[in-house]
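# Analysis of the macromolecular model
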Amino acid sequence: RLASGVPCAQPLVASYDGTWPDVEYIWTHHSRDASCILGPNDVCAKYTYYFDGHVENSTYLCTRAVDSFGAAVTSGCYQQRNGSFATRVCFCRSVPGGVPCNEAPLTKNVPDYGASRERNDLGFLTFDLKTDLSHLFNWNVKQLFLYLTAEYVTPNNELNQVVLWDKIILRGENALLDFKNMNTKYYFWDDGNGLKGHQNVTLTLSWNIIPNAGLLPNIEALGQHSFKFPTEYTQTRV
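Summary of the structure given here. No experiment lies behind these values; they were computed from the predicted model shown. (Residues numbered from 1 in each chain as written. Predicted model: local features only at pLDDT ≥ 70, side-chain atom pairs only at ≥ 80, totals over all residues. Heavy atoms only, no water.)

## Quick notes on the nonpolar core
Buried together is how nonpolar side chains tend to be arranged in soluble globular proteins. L144, L146 and F188 are the most contacted members of the largest nonpolar core, which has 27 residues in total. Sorting the residues of this core by element identifies β7 (126-132), β8 (141-152), β9 (160-170) and β12 (201-211) as the ones contributing at least two each. Listed in part, the nine residues of the second largest apolar core include V6, V43, A65 and V73. (Core = buried A, V, L, I, M, F, W, Y, C linked by side-chain atoms within 4.5 Å. Buried < 20%, exposed > 50% of the residue type's maximum accessible area, 1.4 Å probe, protein only. Helix = DSSP H or I, 4+ residues; strand = E, 2+ residues; numbered from the N terminus.)

The following block contains the structure:
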């Protein structure tokens, strides 16, 4: 029942309860059956089809892409909406034979020279952020300080909180944000080996309202996003 023009390539993995297939598991255990051979000019792509804001299906594939000017596209995400339907495609370059860049967040185990010489987990991820904060500004709001926090639980700590990205918005500046495929601003370090194979890392957007006078409220956004890290360390350069 796929709409015309929506990519759909074998092998298919169906989920009848709305949960997302474990793509990292598929790559680890069935990479030969579920991967494609990158040509000299190919890129990895993830093509996702939405209805009413919810994912209907997603296809991971090797392809070539051009923009409206005919120039080759090698990275970034693009979205098109038609009423309740939306399609979104993200492109990236992978190292042939390595973990596909469109597969999942990645972890490496490397020395943290800023704290010690012990090897700790270092996570790599990209994120999308869309929100309208215009309503927060009034005569007594000078600026907003936004920050994106990753929260997770490990055997060593009941609660881990790591700030990955932040931004200051001054009064009069555009407070309608729509960021795609953003890199984190700060390193995602764990104080041990708590990221590898972690099944529930939650991203939360919060902000401080900086007034001209009065209290400084700290507000947490209503939306959250949870994801998991792969069970193996990546060996590719990131």
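## Section: the pattern of salt bridges
Under the defined criterion, the tally for this structure stands at three salt bridges. Here D166 makes a salt bridge to K185, at a shortest N to O gap of 2.8 Å. Residue D166 is found in strand β9, and its partner K185 is found in the loop between β10 (176-183) and β11 (188-189); the two are separated by 19 residues along the sequence. (Salt bridge = Lys/Arg side-chain N within 4 Å of Asp/Glu carboxyl O.)

## Brief notes about the packing of aromatic side chains
Within the structure shown, the criterion is met by eight aromatic pairs. In textbook terms, an aromatic cluster arises when at least three aromatic residues are bridged by ring pairs, as seen for Y152, F188, F227 and F229. (Phe/Tyr/Trp six-rings, centres within 6.5 Å; stacked < 30°, edge-to-face > 60°.)

## Digging into the side chain of D166
For D166, a relative accessible area of 13% puts it in the buried group. Within polar-contact distance, the side chain of D166 engages the side chain of K185 at 2.8 Å. Within polar-contact distance, the side chain of D166 engages the side chain of Y186 at 2.7 Å. When near neighbours in sequence (up to four residues on either side) are disregarded, D166 contacts F145, L146, Y147, K185 and Y186. (Polar contact = N/O pair within 3.5 Å; in protein donor to acceptor, adjacent residues only side chain to side chain. Contact = heavy atoms within 4.5 Å.)

## Remarks on the environment of F188
With respect to the helices and strands, F188 occurs in strand β11. Judged by relative accessible area, which is 0%, F188 ranks as buried. Along the sequence, F188 and A150 sit 38 residues apart, while their C-alpha atoms lie 8.5 Å from each other. In contact with F188, not counting residues within four places along its chain, are D121, L122, G123, L125, A150, Y152, V162, L164, L195, V201 and F229.

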